[in-house]
Amino acid sequence: MRILIVEDEKNLNRILTKKLTQEGYSVDSCFDGEEGLAFLESTEYDVVLLDIMLPVMDGMTVLKTARQKGIHCPIMMLTAKDAVSDKVAGLDHGADDYLTKPFALDELMARIRVLTRKSSASPGKTSRLEIADLEMDISSRTVTRGGQEISLSAKEFSILEYMILNRDVVLSREKIESHIWNYDYEGSSNMVDVYIRYLRKKIDEGHDKKLIHTVRGVGYVLKED
Amino acid sequence: MIKGKENSTVVKKSSKSKRVRKFSIKKRVTFWYVAMFVVILLLAFFLLISYGQKMMETNARGDLETIVDQSVSDVRLYDGDLTIDDGLEDYVDGVNILVLRNNGLIVTGLYSQDFLEDVPFKADEVRRVEPPEDSPDDTPFFVYDRKLQYSDDPPVWIRGVSSAAKDDIFPATSNVSMMFFMALPFLVLVAVMVGYYITKRAFAPINHIIATAENIQAGKDLSKRIEIEGLEKFGKDEIYMTAKTFNDMLDRLEASFEMERQFSRDASHELRTPIAVIMNQSQLALENLDDREEVEEAFRTILAQSERMSGLTNELLALARADRNMLQLNCEAMDLSKTVDTLAATMDITAAKNNVKVTSNCQESVIINGDAALIERMLENIISNGIKYNKPGGTVELRLFEENSIPTLVIEDTGIGIPDHALPKIWDRFFRVDDVRNADQSGSMGLGLSMVRQIANAHHIDIDVESRLGEGTSFILRFCKDRE
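Here the structure is a predicted model, which is why all the values come from computation and not from measurement.

### Quick look at the overall build of chain B
When its secondary structure is counted, chain B shows 9 helices and 15 strands. Counting only residues that meet the buried cut, chain B has 40% of its 484 residues in that class. Long-range contacts, defined as pairs at least 24 residues apart, comprise 64% of the intrachain contacts of chain B with a sequence gap of at least 6. Total accessible area on chain B stands at roughly 28700 Å², and carbon and sulfur atoms take up 56% of it.

Written out as structure tokens, the structure is:
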């Protein structure tokens, strides 16, 4: 899952980026509103963390402009402003959630998970996602199939998470790539293929029911047959 | 009646104020007013009566004199012959006229009381005579005698006698008194009612004031005011002025409370960010205790943020103290030139990090009276702003000179300047031109200039600010020549 952090406090920005990366997310970060809007316009993010007090262009303006331009990704406002009027303004202008500083990192993570599962093609109600006998717990980062736990690397987990949230939807390589890797990535373009192969090995091998399917010329899809 | 929230509360009358209202000002004023009224009324009555009496007595005496004098022309004494006109009457207008021989023998006329026979003659003087104790009647009389004399012959007396009794002089007195004392209670009642009504109307706004004040106390709602529009038509009297002054005071109170609230909102907002950083940083580090580098970085960040918060709280405390005018000034004569030169040199070193130069050009030995530490602090804040908001390769120049014997210090920077609309606000707490409250870039918390203003005010220093956007800003400080 790909996340954009727009926060001008350098320390906080660094900390959040680190934490999110550790949690397996792919993170882009910037320090002012103008840059943030530019990022938003060029990439489809799964979650955006947007501070309100930003230089150049403030968070509210970024939010309003993005929504006007038809950018629908989930946006969570982060700010030290806790007045009810600020919260109401933020939510009414199109934010999906609002967290006031200081907050616990764990809470931030949980809320991000809510946003990602809400916006998925098959919105679930908890962090536990299932397809056939495959079970995924996003918050504890565990995957089991047929009761057997499967060990996945961070990127593998991310890809599987993205695919299970978009189950039955055919995802192109570009789409998968843009949702899993951030701008820093300069790897080869068949990275996706490589990882899909890894995943297949770990998840589908040894099972009669295959979950990961290739759609020629289009991409990949996770679905029950 | 009372402006304020739509859902205004019922005015709660505390028992204390109810007790107080027993001795209400309306009752006091009415009581005293009515008492004075009764006293004056009684006084007037008695004065009237006694004056009336006096006047009437004088009239009675005068009438007696007149009538007797008139009668004198009807009596002639010549060469032993006494001639009395027919026209002489025995009784005219309440006056008995008698003509008597010198030995008391009555020629004409009649006494109404026996004792009058014994009243000795006295010419040309109206006398008042009381009957002796054994007399059957106690009526007093006026007696007026005129003497007629022909050469050495024994004189003849013409005597007028009229009653001096009150009832005869002014018969209406007792009636008048009775009427007065019967009417008095009613008059008093009317006075009380009218008086009470008038004072009640006049003092009604006071109740509003009391009620408003109680409401504010109870509900902590400082937005309520007393309605004074209705009072204006009665003239801008003391009650109106009280209400208006009360409202003005509430305005000031509300404004100052709002400032306090705003200040603590700003302060806690400023503190939230470093707290958030420390919190999140610690959370992250705890999850990565194996990563030595991460842990070290975490502590560095936490330390830096703690120092930032410490600096902020110190600034806030200093400002709060200055607010309450608790800025302790240790004034002494100080060499401003030396201070400026030293400060400029010191700050030049730190300014080098920003690629900015700080220079000073001072007239020698400019002495002023002030608190050296605070003056230095003030200058430091201004210079530090000049460095922060400067361009790489820019300068901050300090020039000290005496203009018309007023020590003047100009601090000019080649920085980014301040836009016109922001100029009046630069002294506000937490204000920064781009209004982004994150301090970590420049380390500023927006309180520096507030402190400058406080220190300048305490020292009676005039500060002017001139700025050209994109080119630079100048602070011009004019020090007061003589401080009391």
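### Considerations on the overall build of chain A
From N to C terminus, chain A includes 8 helices and 12 strands. For chain A, buried positions account for 52% of its 225 residues. Within chain A, residue pairs in contact and separated by at least 24 positions form 58% of the contacts whose partners lie at least 6 positions apart. Surface exposure of chain A reaches about 10000 Å², of which carbon and sulfur atoms provide 47%.

### Observations concerning the interface of chain A and chain B
Contact residues are listed per partner, giving 24 residues for chain A and 24 residues for chain B. For the pair chain A and chain B, the two sides together bury roughly 2100 Å², of which 53% comes from carbon and sulfur. When the buried area of chain A at its contact with chain B is split by residue, Glu9, Met53 and Pro102 of chain A rank highest and sum to 24% of it. Linking chain A with chain B are 5 salt bridges, by the criterion used here. A salt bridge links Arg14 of chain A to Glu297 of chain B; the nearest nitrogen and oxygen atoms lie 3.2 Å apart. Counting every contact that joins chain A to chain B gives 12 residue pairs in polar contact (both at pLDDT 80 or more).

### With respect to a nonpolar patch on the surface
Residue and element names in this part refer to chain B. On the surface, Ile25, Val29, Tyr33, Val190, Val194, Tyr197 and Ile198 cluster together into a nonpolar patch covering about 610 Å² of accessible area. At the level of elements, α2 (25-72) and α4 (173-219) are the ones that each hand at least two residues to the nonpolar patch. The greatest single-element share of the nonpolar patch, amounting to 4 residues, is contributed by α4. What makes Tyr197 partly exposed here is its relative accessible area of 48%.

### What about the packing of helix α6 (residues 154-165) of chain A against helix α7 (residues 173-180) of chain A?
Residues and elements named next belong to chain A. Between α6 and α7, the least distance of the axes is 10 Å, while the angle of their chain directions is 120°. Classified by the interaxial angle, the pair formed by α6 and α7 is oblique. Where α6 crosses over α7, the handedness of that crossing is right-handed. Across the interface between the two elements, Lys155, Ser158, Ile159 and Tyr162 from α6 touch Lys175, Ile176, His179 and Ile180 from α7. Counted by class, the contact of α6 with α7 contains 4 nonpolar, 2 polar and 2 charged residues.

### A closer look at the packing of helix α2 (residues 33-42) of chain A against helix α3 (residues 59-68) of chain A
All names here are of chain A. Contact pair α2 / α3: the axes reach a minimum separation of 9 Å and the direction vectors enclose 20°. With respect to each other, α2 and α3 are oriented roughly parallel. Crossing hand, α2 versus α3: right-handed. Residues Gly33, Leu37 and Leu40 of α2 form the contact with α3, whose own contacting residues are Val62, Thr65 and Ala66. Looking at the contact of α2 with α3 residue by residue, the class counts come to 4 nonpolar, 2 polar and no charged.

### Focus on empty space enclosed by the protein
Residue and element names in this part refer to chain A. If you walk through the whole model with that rule in mind, you get 3 cavities of 30 Å³ or more. Estimated volume of the second largest cavity: approximately 40 Å³. Lining the second largest cavity are Arg113, Thr116, Arg117, Thr126, Ser127, Leu129, Ile138, Glu161 and Leu165. At the level of elements, α5 (105-118) and α6 are the ones that each hand at least two residues to the lining of the second largest cavity. Of the residues belonging to the lining of the second largest cavity, the class tally is 3 nonpolar, 3 polar and 3 charged.

### A short note on the sheet that holds strand β8 (residues 142-145) of chain A
All names here are of chain A. Read from one edge to the other, the open sheet built from 4 strands follows the order β6-β7-β8-β9, with strand pairing classed as antiparallel. This sheet does not close on itself; its edge strands, each paired only once, are β6 (128-131) and β9 (148-150). With direction set aside, neighbouring strand axes in the sheet form an average angle of 25°. Here 4 bridges tie strand β7 (residues 134-137) to β8, and the two strands are oriented antiparallel to one another. Among the inter-strand pairings, Met136 is bridged to a residue of β8, identified as Val143.

### Structural notes on the environment of Gly217 of chain A
Within the secondary structure, Gly217 of chain A sits in the loop between β11 (212-215) and β12 (219-222). For the pair Gly217 of chain A and Arg173 of chain A, spaced 44 residues apart in sequence, the C-alpha to C-alpha distance is 10.0 Å.

### Some details on helix α8 (residues 191-203) of chain A
Residue and element names in this part refer to chain A. The terminal C-alpha atoms of α8, which comprises 13 residues, lie 18 Å apart, in line with the 18 Å expected from a rise of 1.5 Å per residue. Residues of α8 that are buried: Val192, Tyr195, Ile196, Leu199 and Ile203. All buried residues of α8 fall inside an arc of 105° around its axis, so they share one side. Facing away from the buried side of α8 by more than 90 degrees, the exposed set consists of Arg197 and Lys201.

What counts, and at which threshold
- Residues numbered from 1 in each chain as written.
- Chains lettered and ligands numbered in written order.
- Predicted model: local features only at pLDDT ≥ 70, side-chain atom pairs only at ≥ 80, totals over all residues.
- Heavy atoms only, no water.
- Helix = DSSP H or I, 4+ residues; strand = E, 2+ residues; numbered from the N terminus.
- Buried < 20%, exposed > 50% of the residue type's maximum accessible area, 1.4 Å probe, protein only.
- Contact = heavy atoms within 4.5 Å.
- Areas by Shrake-Rupley, 256 points an atom, 1.4 Å probe, with all protein chains shown as cover.
- Buried area = accessible area lost by both parts, 1.4 Å probe.
- Salt bridge = Lys/Arg side-chain N within 4 Å of Asp/Glu carboxyl O.
- Polar contact = N/O pair within 3.5 Å; in protein donor to acceptor, adjacent residues only side chain to side chain.
- Patch = residues over 30% accessible without salt bridge, like charges linked within 9 Å, V, L, I, M, F, W, Y side chains within 5 Å.
- Axes fitted to C-alpha atoms, helices over the stretch in contact; angles between N-to-C directions.
- Parallel < 35°, antiparallel > 145°, perpendicular 65-115°, else oblique.
- Left-handed = near helix turned anticlockwise from the far one by under 90°.
- Nonpolar A, V, L, I, M, F, W, Y, C, P; charged D, E, K, R; others polar.
- 1 Å grid on protein atoms, 1.4 Å probe; cavity = no way out; pocket = protein on both sides within 12 Å on 5 of 7 lines; lining within 4 Å.
- Points joined across faces, edges and corners; volume = space filled by probe spheres on them.
- Pairing = 2+ DSSP bridges.
- Expected span 1.5 Å × (residues − 1).
- Arc of directions from axis to C-beta.

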